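Chain and residue survey
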Amino acid sequence: MMINKILDDQEGATIDRLLGLIDKSPTAFHAADQLMKICLQAGFTPLTGKESLKPGDCCFLTVEDSAFFAIKIGENPLSSGFRMVGTHLDAPALKIKPNSLIQQEGVWLLNTELYGSPILTTWFDRPLSIAGRVLIDSGNPLSPEARLIDFRRPLLVIPNVAIHLNPTVNDEQKIKPQQMMLPIIALADGGTAASHDLLTLLIASELSVEPERLLDADLYLYECTPGTRLGLNNEFIQTGRLDNLGLAYAAVTALTESHTQTGINLVACFDHEEVGSRTSQGAIGMTLRDLLERIVINLGGSRETFLDRLSHSFLISADQAHAAHPNFADRSDPTNRPRINQGPVIKFAANRAYTTDGVSAAVFRKLCQAADVPCQTYVNRSDVRGGSTIGPLFVEHLPVKAVDVGNPIWGMHAIRETGGVSDQIAMARVLRHFFELA
Ligand code: CO
């Protein structure tokens, strides 16, 4: 059978770079750091609040180590509105609790809690590792030193119980997180003595810091196996955290690579989307609104200018969408059935769980047309509630015209999610076109 080349070499390299970025981004902390590196390489500079901004400036801001905003100031920055793409950097996972070590049946387990809504069965029998942020004593109690940590090697497993001991495992199974989602990290008897501060010692040695200086940490489990392309024609992309690092990457590279533009363009990558966004680094926080107002004032505008420009602004809320599933065909709406590699998806919901309305959908359709990219639509089945995005939360504080879009993927919130390589390229092209509008 002929193998079709779906992407040209340059597009293939883009997919490889995305897989590399996701591999190095097991948590939102790491994702913000990786996106910052892309921006630094593209000549963006960190916002200090002390600079005076001018057309042509490119800058970025990281908030609480896990949200990331990248901004490009165009010609006549106050003559039009803000062109914004909103995404999120967090993904459902297992979070390690404080005092996490439990000894049971001769092994050390870690106590965990759920972050967001992972598909729990997909976490069994995988090589897992630990990553996150560690807080180290800096001498100043109010500002401990934050350092990223990523063990990048298989350290833990949550084994299934054998089918012989659980014959109904393939029928509907209830997963009890407190009992069943605790990973094994070591044998507790014989060999090297593990103790209650096994985890502290492990972290201290990984960071080359004295254990007494470790104050606290935000640690998550992740599957430490890199993502891959797959399919006969390499047409799929399969990796953890495709929701939503795929679109965060598309948005940031669309901004860094975009040319001529007016107004103020920005990408907002929030944290905590999966748990409700109610934090300063989440989409409900006032951080972005305050930042935009300060930028307008810095550029010589006033609060009045800022408020006025909002009515000329547009937000593309970009978060992955559900592709119709060949084995679960009845789960999709009868007439809106997104297919992989057939282009970005506009998401509609009468209950406004998505921001899209006729006007904003029309805008996005036209952007796709102009970028020569096909476009699809998603609506929930009428008997399914479905999910939501940062879109509706974003416009609570920044009332702008907005559309919710995404790329079609299978298995959203599984430990690995599957999407299409062409869709990834197509979305980046549409977003870039958006930023380059005159
Ligand atoms: Co998402």
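Residues numbered from 1 in each chain as written. Predicted model: local features only at pLDDT ≥ 70, side-chain atom pairs only at ≥ 80, totals over all residues. Heavy atoms only, no water.

**Topic: the coordination of the cobalt ion**
- Protein-derived ligands of the cobalt ion are His88 (NE2), Asp243 (OD), Asp319 (OD) and Asp319 (OD), with the metal-ligand distances lying across 2.0 to 2.7 Å.
- Mapped onto the sequence, the residues coordinating the cobalt ion show the spacing H-x154-D-x75-D. One end of the pair, histidine 88, is in strand β4 (residues 82–88); the other, aspartate 243, is in helix α5 (residues 242–257), with 155 residues separating them in the sequence. A single burial state applies to histidine 88 and to aspartate 243, both of which are buried. (Donors = N, O, S within 2.8 Å, 3.2 Å for Na, K, Ca; no water. Helix = DSSP H or I, 4+ residues; strand = E, 2+ residues; numbered from the N terminus. Buried < 20%, exposed > 50% of the residue type's maximum accessible area, 1.4 Å probe, protein only.)

**Examining the domain arrangement of the protein**
- Taken domain by domain, the protein comprises domain 1 (9–91 + 240–435) and domain 2 (93–223).
- Placing the centre of domain 1 and that of domain 2 at their C-alpha centroids yields a distance of 31 Å.
- At the interface, 23 residues of domain 1 touch 22 residues of domain 2.
- Our count for the domain 1 to domain 2 interface comes out at 3 salt bridges.
- Note that aspartate 65 and arginine 133 form a salt bridge whose closest N and O atoms lie 2.8 Å from each other.
- Counting across the interface, domain 1 meets domain 2 through 10 residue pairs in polar contact (both at pLDDT 80 or more).
- When its residues are assigned to classes, the side of domain 1 that touches domain 2 shows 7 nonpolar, 5 polar and 11 charged. (Domains from an automatic or database assignment. Contact = heavy atoms within 4.5 Å. Salt bridge = Lys/Arg side-chain N within 4 Å of Asp/Glu carboxyl O. Polar contact = N/O pair within 3.5 Å; in protein donor to acceptor, adjacent residues only side chain to side chain. Nonpolar A, V, L, I, M, F, W, Y, C, P; charged D, E, K, R; others polar.)

**Thoughts on the sheet that holds strand β16 (residues 345–348)**
- A sheet is described by the order of its strands in space; here 9 strands give the open sequence β1-β2-β3-β13-β4-β14-β18-β16-β17, paired in mixed fashion. The open sheet has two edge strands, β1 (45–46) and β17 (376–379), and neither has a second partner.
- Relative to β17, β16 runs parallel, the two sharing 4 bridges. Note on β17: the bridge partner recorded for isoleucine 346 is threonine 377.
- Sitting on the sheet, helix α8 (residues 358–370) touches β14 (314–318), β16, β17 and β18 (401–406), and the angle it makes with β18 is about 55°. (Pairing = 2+ DSSP bridges. Axes fitted to C-alpha atoms, helices over the stretch in contact; angles between N-to-C directions.)

**What to know about the sheet that holds strand β12 (residues 236–239)**
- With respect to topology, 3 strands assemble into an open sheet ordered β11-β12-β20, the strand pairing being antiparallel. Of all the strands in the sheet, just β11 (228–230) and β20 (417–420) have a single pairing partner and so form its edges. Across the sheet, the mean angle from the axis of one strand to that of its neighbour is 30°, orientation sign disregarded.
- The pairing of β11 with β12 spans 3 bridges and is classified as antiparallel. Its bridge partner being in β12, leucine 230 is matched across the sheet by phenylalanine 236.

**Digging into the packing of aromatic side chains**
- The tally for this structure, following the rule as stated, stands at 8 aromatic pairs.
- Relative to phenylalanine 394, the ring of phenylalanine 270 lies with its centre 6.0 Å away and its plane at 75°, an arrangement referred to as edge-to-face. With phenylalanine 270 in strand β13 (residues 264–270) and phenylalanine 394 in helix α9 (residues 391–397), this pair connects stretches of sequence that are 124 residues apart. Both residues of the pair, phenylalanine 270 and phenylalanine 394, belong to the buried class.
- Three or more aromatic residues joined by ring pairs form one cluster here, namely Phe69, Phe270 and Phe394.
- Looking at lysine 95, its charged tip hangs above the ring of tyrosine 220, at a distance of 5.6 Å from the centre. (Phe/Tyr/Trp six-rings, centres within 6.5 Å; stacked < 30°, edge-to-face > 60°. Lys NZ or Arg CZ within 6 Å of the ring centre and 35° of its normal.)

**Describing the packing of helix α6 (residues 287–298) against helix α7 (residues 303–310)**
- In the contact formed by α6 and α7, the axes pass within 8 Å of each other and the chain directions differ by 120°. Of the possible angle classes, the one that applies to α6 and α7 is oblique. Crossing hand, α6 versus α7: right-handed. For the pair formed by α6 and α7, the contact residues are Arg289, Leu292, Glu293, Val296 and Ile297 on the first element and Arg303, Thr305, Phe306, Leu307 and Leu310 on the second. (Parallel < 35°, antiparallel > 145°, perpendicular 65-115°, else oblique. Left-handed = near helix turned anticlockwise from the far one by under 90°.)

**Here we look at the pairing of β18**
- Counting buried residues in β18 gives 5 out of 6 residues, a clear majority hidden from the surface.
- In this structure, β14 lies alongside β18, joined through 5 bridges in parallel fashion. When the bridges of β18 are listed, phenylalanine 314 appears paired with lysine 401.
- Note: β16 against β18, 2 bridges, orientation antiparallel. Along β18, the bridge assignment pairs valine 345 with glycine 406.

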